[in-house]
Amino acid sequence: MRILKSVVIFFYVLLTFSQSKAQNLKPGFDKAEYRELIYIATRSTESPEKAKSIPLPEHSRLVYKSKPMGLDNQWELWLKDGNTAVLCTRGTTEKGESWLANLYAAMTPAKGELKITNSDIFQYELSSDKNAAVHTGYLLSTAFISRDMLPKIDSCYKAGIKNFIIMGHSQGGGISYLLTAHFYNLQSKGVLPADIRFKTYCSAAPKPGNLYFAYDYERKTQNGWAFNVVSAVDWVPQTPFSVETPEDLPRVSPIPLVEETIKNQPLFKRMFLNMVYGKLTSPSQKTVNTYQRLLGKEMGKRVKKLLPEFVPPSFYNSNNYVRTGNTIVLYPNPNDKIYYEKFPNDSKDLMIHHSFPPYLYLLNQLEY
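Residues numbered from 1 in each chain as written. Predicted model: local features only at pLDDT ≥ 70, side-chain atom pairs only at ≥ 80, totals over all residues. Heavy atoms only, no water.

Taking an unreviewed UniProt entry as the reference, the protein is identified by name as Lipase family protein belonging to Flavobacterium shii.

Given below as structure tokens:
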């Protein structure tokens, strides 16, 4: 059945591509391109009733829709303008396992392997920096989604498609960061063709990892090949909460000098300075430990109830989540009465500023 679906996709894409004029993806934020992607993401995330208020995609056709997998993850393949494949990952649903993907937020090293079942091990290298770490729940989601995406990417490529846009809103955006990093790594190893061009739009996305992951991701996608689109009044892009400790700083920093200076002081002065230094640094490390216990070990137990053979990975001792990628800020004017009438701050809807309508409204106000 899996092979049959790939064959169908291959011939559908080939037929559509042969009728279109091939054009390469262009770097840079494209307002119209992002709007079309929002139209696409609406179809995959919102219920049919809620999606009625959002226009249908104007230049894209649905080619494939996956079954729910992993932590209720799902993605769709759309063909845009006949020559660009859009890989759109669904955001959070109402199901508990979908929220579990968000809450499983302890950090995991960006290079390693996940044992999903006894016969299914996901090997990954999302960064070459040994200090890079990523969101564990989104990493597990990436394992499931990427496995399903790769045969479809291959079918598109064989049909002549070399342009791919990776798109996700909310949780889908958080996963899209890691999918992008994973596909770049597969390209570097020759698993994916070098002439595939990826362009990424993470929309309203939570933070995907620490500063070292962000540095490497931004290095690989710089010059206009990846964007992080956020609303300044949306709370979701500010999660997960960040805590920075001295251990998060680079090896060359003032911390070793401070510690060495304290070590060389006379006994009583050393005791006093150690007490002061401990009061400054211990609270942040205790918070990281608490996050690892609640959002790591406890959430890992819940994942195992869904995936009995899953082996929770070792965590990276950090919670220094940062905003990642070239950020496009959608900024509502405080005096914009129309916006705040449509999307009031006193609404009981926690997602009032996070859903597609406010993002489209602010996009139309964007001078770009």
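Resuming the write-up.
> Hey, could you run me through the pairing of strand β5 (residues 111–117) in this one?
Successive side chains on a regular strand alternate, one facing one side of the sheet and the next facing the other. Where β5 and strand β6 (residues 120–125) come together, six bridges link them in antiparallel fashion. For Lys111, the partnering residue across the bridge sits in β6 and is Glu125. In this antiparallel pair of consecutive strands, β5 and β6, the connection spans two residues. (Pairing = 2+ DSSP bridges. Helix = DSSP H or I, 4+ residues; strand = E, 2+ residues; numbered from the N terminus.)

> Looking at this structure, how should I read the nonpolar core?
Note on soluble globular proteins: their nonpolar side chains tend to be buried together. One finds Phe29, Leu87, Leu126, Leu140, Phe164, Phe183 and Tyr201 to be the most contacted residues of the largest nonpolar core, which totals 85 residues. The element contributing the most residues to this core is helix α5 (residues 136–158), with nine residues. For Tyr201, the contacting residues outside a window of four places in its chain are Gly28, Phe29, Asp30, Glu33, Tyr34, Leu37, Ile165, Ile166, Met167, Gly168, Phe227 and Val229. (Core = buried A, V, L, I, M, F, W, Y, C linked by side-chain atoms within 4.5 Å. Buried < 20%, exposed > 50% of the residue type's maximum accessible area, 1.4 Å probe, protein only. Contact = heavy atoms within 4.5 Å.)

> What's the story with the side chain of Asp216 in this structure? I'm lost.
Structurally, the position occupied by Asp216 is in helix α7 (residues 211–221). Asp216 sits in the buried class, given a relative accessible area of 6%. There is a polar contact of 3.3 Å between the side chain of Asp216 and the backbone nitrogen of Ser128. Residue contacts for Asp216: discarding those within four places in its chain leaves Leu126, Ser127 and Ser128. (Polar contact = N/O pair within 3.5 Å; in protein donor to acceptor, adjacent residues only side chain to side chain.)

> What is the right way to look at the packing of aromatic side chains in this model?
Centre distance and the angle of the planes are the two values used to describe a pair of aromatic rings. Considering all chains together, one arrives at 19 aromatic pairs under this definition. When the centroid spacing of 6.5 Å and the interplanar angle of 90° are considered together, the rings of Tyr104 and Phe315 count as edge-to-face. Remark: Phe315 occurs in the loop between α9 (267–306) and β12 (321–322) and Tyr104 occurs in the loop between α4 (96–103) and β4 (107–109); sequence separation between them is 211 residues. For Tyr104, a relative accessible area of 0% puts it in the buried group. Exposure remark for Phe315: the relative accessible area of 23% places this residue in the partly exposed category. (Phe/Tyr/Trp six-rings, centres within 6.5 Å; stacked < 30°, edge-to-face > 60°.)

> Looking at this structure, how should I read the environment of Ala205?
Among the structural elements, Ala205 can be located in the loop between β9 (197–203) and β10 (209–210). With 23 residues separating them along the chain, Ala205 and Asn228 place their C-alpha atoms 7.3 Å apart. Once residues lying within four places of it in the same chain are set aside, the contact partners of Ala205 are Ser170, Gly173, Gly174, Tyr177, Val236 and Pro237.

> So what exactly am I meant to see when it comes to the sheet that holds strand β11 (residues 226–231) here?
Strand pairing in a sheet takes place through backbone hydrogen bonds and is either antiparallel or parallel in direction. One open sheet accounts for seven strands, arranged β1-β2-β3-β8-β9-β11-β13; its pairing is mixed. Each edge of the open sheet is held by one strand with a lone partner, namely β1 (60–65) and β13 (326–330). Geometrically, the sheet is characterised by an average inter-axis angle of 20° between neighbouring strands, direction not taken into account. Inspection of the sheet shows strand β3 (residues 84–89) paired to strand β8 (residues 163–169) by six bridges, in the parallel sense. (Axes fitted to C-alpha atoms, helices over the stretch in contact; angles between N-to-C directions.)

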